[in-house]
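This is what each chain is made of:
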Amino acid sequence: MRETDAMTTVGEVPRLPAGLAEELDRQAERCRPSSPLYGFLLRELAGDVRAGGIAAGLLGPYDNEPTAFVPGLRLMAAVHALVLGGQAPRLAAYYPSAGGHGPPDRAWPEFRRVLHEHTERIAELVAQPVQTNETGRSAALYGGLLTIAAATGLPIRLHEIGASAGLNLRADRFAYRMGGRLLGDPQSALVLDEPWDGLPDAPEGTQVRVIERLGCDLRPIDPATPEGALRLKSLTWADPARIERIGHAVAIARATPATVDAANADEWLASRLADPVPGAVSVVWHSVVRQYVEPDRWRRVGAILAQAGDAATSAAPVAHLSFEPDIGPDGLYTFAVRLTLWPGGRSRLLAIAAAHGIPTRWQTEER
Ligand SMILES: C[S@@+](CC[C@H](N)C(=O)[O-])C[C@H]1O[C@@H](n2cnc3c(N)ncnc32)[C@H](O)[C@@H]1O
């Protein structure tokens with residue numbers, strides 16, 4: 001029995017190496033290319049923390065948290081929720097997600113005013129867990145499913161741990177435009193444009209047939225409710241492309257049933273993988289979840305997978321597909337897409353991806 005590669009870096013998420021302000025600066029740099037507004041605001045937040053301003057008060061309690069706590073994203077999501085909920089109309093004028101067109105570099109005074117006016121509510125929202133649903137990561141998931149379908153020739157029972165609202169459980173209902181061809185569901189309203197560099201290891205024409213969509217999360221979000229949809233949007237950066245994608249994904253989720261149970265990853269997986277199911281491949285998928293699960297629980301997830309792998313047969317294979325960051329000592333993230341397939345337990349690095357899945361660079365070398 002062997003835990004898979006994606007399991008082995010458990011417990012290695014570093015502490016904020018040089019403090020809160022530096023982490024906010026790093027986050028600003030990560031956001032800047034696709035969301036200038038978030039880039040500017042996070043940089044101002046870093047300055048405000050250094051100056052001991054309102055942001056220092058809101059985020060100070062988390063100064064000693066691991067980088068994975070992503071304090072900047074929590075604060076941005078808290079304010080975004082107020083913007084989308086209509087409670088910060090003057091700030092909304094700068095948010096593309098709320099129809100605003102104001103210049104991003106002028107938004108800070110209004111943003112700071114909102115921090116002062118809604119401090120208590122923002123502090124409550126900052127304390128809530130990060131529950132991004134990034135449909136761009138479906139680009140990696142769908143390519144991984146193609147690889148698994150090609151290798152097994154079987155339909156797929158898809159299990160996602162840390163599924164949040166379960167949007168990516170509908171990865172086969174999204175479309176992927178590659179070189180003029182539409183893969184996935186060509187009728188889909190959600191089209192990911194040229195999401196890959198290279199191609200996954202699957203012959204042209206490979207079909208992905210998902211026959212079960214099951215997930216778990218500590219706090220599932222129901223995309224069918226208005227509150228659930230608003231929370232999903234608030235956790236997404238305010239740039240138009242990602243907000244539009246979330247809107248389409250919520251509509252697709254409403255039309256394509258999937259079950260996301262409120263459960264801890266290890267306990268849920270143990271019950272789901274208890275017995276081999278012939279005639280289908282049982283795929284366990286997770287993206288950006290490892291850093292949020294206690295190390296002991298995560299080790300158990302690895303042990304449960306390895307045990308299910310031992311019991312797998314060619315009629316009832318098991319696959320572990322993961323999209324998780326390797327975090328360097330410098331705090332920089334590299335997102336790796338890894339697959340282990342049983343029987344046999346062969347592990348492969350399938351791809352290196354951007355944090356939000358696009359582009360996913362398929363690896364040709366065996367690693
Ligand atoms: C950053 S989100 C990622 C969501 C989604 N997989 C994605 O890639 O967009 C991490 C999710 O893991 C969930 N989570 C954290 N600890 C968990 C645990 N012990 N068991 C199940 N889910 C957990 C959180 O509630 C959250 O929804």
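Here the structure is a predicted model, which is why all the values come from computation and not from measurement. (Residues numbered from 1 in each chain as written. Predicted model: local features only at pLDDT ≥ 70, side-chain atom pairs only at ≥ 80, totals over all residues.)

## Considering the overall build of the protein chain
Using the following cut-off: What counts as a helix is a DSSP run of H or I of at least four residues, what counts as a strand is a run of E of at least two, and both are numbered from the N terminus. Only C-alpha atoms enter the radius of gyration, while the globule expectation follows 2.2 Å times N to the 0.38, with N the number of residues. To sort residues by burial, count the other C-beta atoms lying within 10 Å of each one's C-beta; a count of 20 or more means buried, 12 or fewer means exposed, and anything in between means partly exposed. C-beta atoms are built from the backbone. Residue pairs are scored as contacts if the distance between their C-beta atoms, which are placed from the backbone, is within 7 Å.
Of regular secondary structure, the protein chain possesses 12 helices and 12 strands. Whereas a compact globule of 367 residues would reach a radius of gyration of roughly 21 Å, the protein chain reaches 20 Å, a difference of no more than 12%. Taken along the three principal axes of its C-alpha coordinates, the protein chain extends 60 × 45 × 35 Å. Classification of the 367 residues of the protein chain by burial places 49% in the buried group. Counted over contacts in the protein chain with a minimum sequence separation of 6, partners at least 24 positions apart contribute 72%.

## Observations concerning the site of the ligand
Rules: Nearness here is judged by the C-beta atom: place it from the backbone, and if it falls within 6 Å of a molecule or strand, the residue counts as near that partner. Each residue gets one of three labels, nonpolar for Ala, Val, Leu, Ile, Met, Phe, Trp, Tyr, Cys and Pro, charged for Asp, Glu, Lys and Arg, and polar for the others, Gly among them.
Near the ligand you find 22 residues, and of these Gly162, Ser164, Ala265, Ser287 and Tyr292 are the closest. Each residue belonging to the shell around the ligand can be placed in one class, and the counts come to 10 nonpolar, 7 polar and 5 charged.

## With respect to the domain arrangement of the protein chain
Our working rule: Domain borders in the structure are assigned automatically or taken from a domain database.
By the assigned domains, the protein chain splits into domain 1 (20-126) and domain 2 (133-362). Computed from C-alpha atoms alone, the centre-to-centre distance between domain 1 and domain 2 is 29 Å. Taken together, the contact pairs 16 residues of domain 1 with 14 residues of domain 2. For the side of domain 1 that touches domain 2, the leading source of residues is helix α4 (residues 71-84), giving 4 residues. Tallied by class, residues from the side of domain 1 that touches domain 2 come to 9 nonpolar, 6 polar and 1 charged.

## So, the sheet that holds strand β2 (residues 175-178)
So the rule is basically this: Strands pair, by our definition, only if DSSP identifies at least two bridges between them. Axes here mean lines fitted to C-alpha atoms, for a helix over just the part in contact, with angles spanning 0 to 180 degrees between N-to-C directions.
With mixed pairing, 3 strands are arranged side by side in an open sheet as β3-β2-β4. Two strands close off the open sheet at either side, each with one partner strand: β3 (181-184) and β4 (191-193). Adjacent strand axes in the sheet meet at a mean angle of 30°, parallel and antiparallel pairs treated alike. The pairing of β2 with β3 spans 4 bridges and is classified as antiparallel. Within the sheet, the bridge partner assigned to tyrosine 176 lies in β3 and is leucine 183.

## Digging into the environment of leucine 146
Locating leucine 146 in the fold gives a position in helix α8 (residues 138-152). In the structure, leucine 146 is positioned 164 residues away from aspartate 310 in sequence and 23 Å away in space, judged by C-alpha atoms. If near-sequence neighbours (up to four positions away) are discounted, leucine 146 is found in contact with Pro200, Ala202, Thr206 and Val208.

## Overview of the nonpolar core
Applicable threshold: Each nonpolar core reported here comprises buried Ala, Val, Leu, Ile, Met, Phe, Trp, Tyr and Cys residues connected via C-beta atoms within 7 Å.
Formed by 108 residues in total, the largest nonpolar core has its most connected members in Leu145, Ile156 and Val283. The element that contributes the greatest number of residues to this core is α4, accounting for 10 residues. Residues from two domains meet in this core; each of domain 1 (20-126) and domain 2 (133-362) gives at least three. Residues within four places of valine 283 in sequence aside, it is in contact with Leu145, Ile148, Ile156, Arg157, Leu158, His159, Ala319 and Leu321.

## Re the packing of helix α1 (residues 20-31) against helix α2 (residues 36-50)
As a reminder, the rule being used: Angle categories are assigned with fixed cut-offs, so that under 35 degrees is roughly parallel, over 145 is roughly antiparallel, 65 to 115 is roughly perpendicular, and the rest are oblique.
Look at α1 against α2: their axes get within 8 Å of each other, and the N-to-C directions meet at 170°. With respect to their mutual orientation, α1 and α2 come out roughly antiparallel. Within the contact between the two elements, α1 uses Leu20, Ala21, Leu24, Asp25, Gln27, Ala28 and Cys31 and α2 uses Tyr38, Gly39, Leu42, Arg43, Leu45, Ala46, Val49 and Arg50. Here the contact of α1 with α2 is built from residues that sort into 10 nonpolar, 2 polar and 3 charged.

## Things to note about unusual backbone geometry
Backbone torsion omega between tryptophan 342 and proline 343 reads 5°, so that peptide bond is classified as cis. Mapped onto the elements of the fold, proline 343 is located in the loop between β10 (333-342) and β11 (346-353). The omega torsion of the bond from isoleucine 358 to proline 359 falls at 5°, within 30 degrees of zero and hence cis. With respect to the helices and strands, proline 359 occurs in the loop between β11 and β12 (360-362). Positive phi, close to 60°, is recorded for serine 164, a residue that is not glycine.

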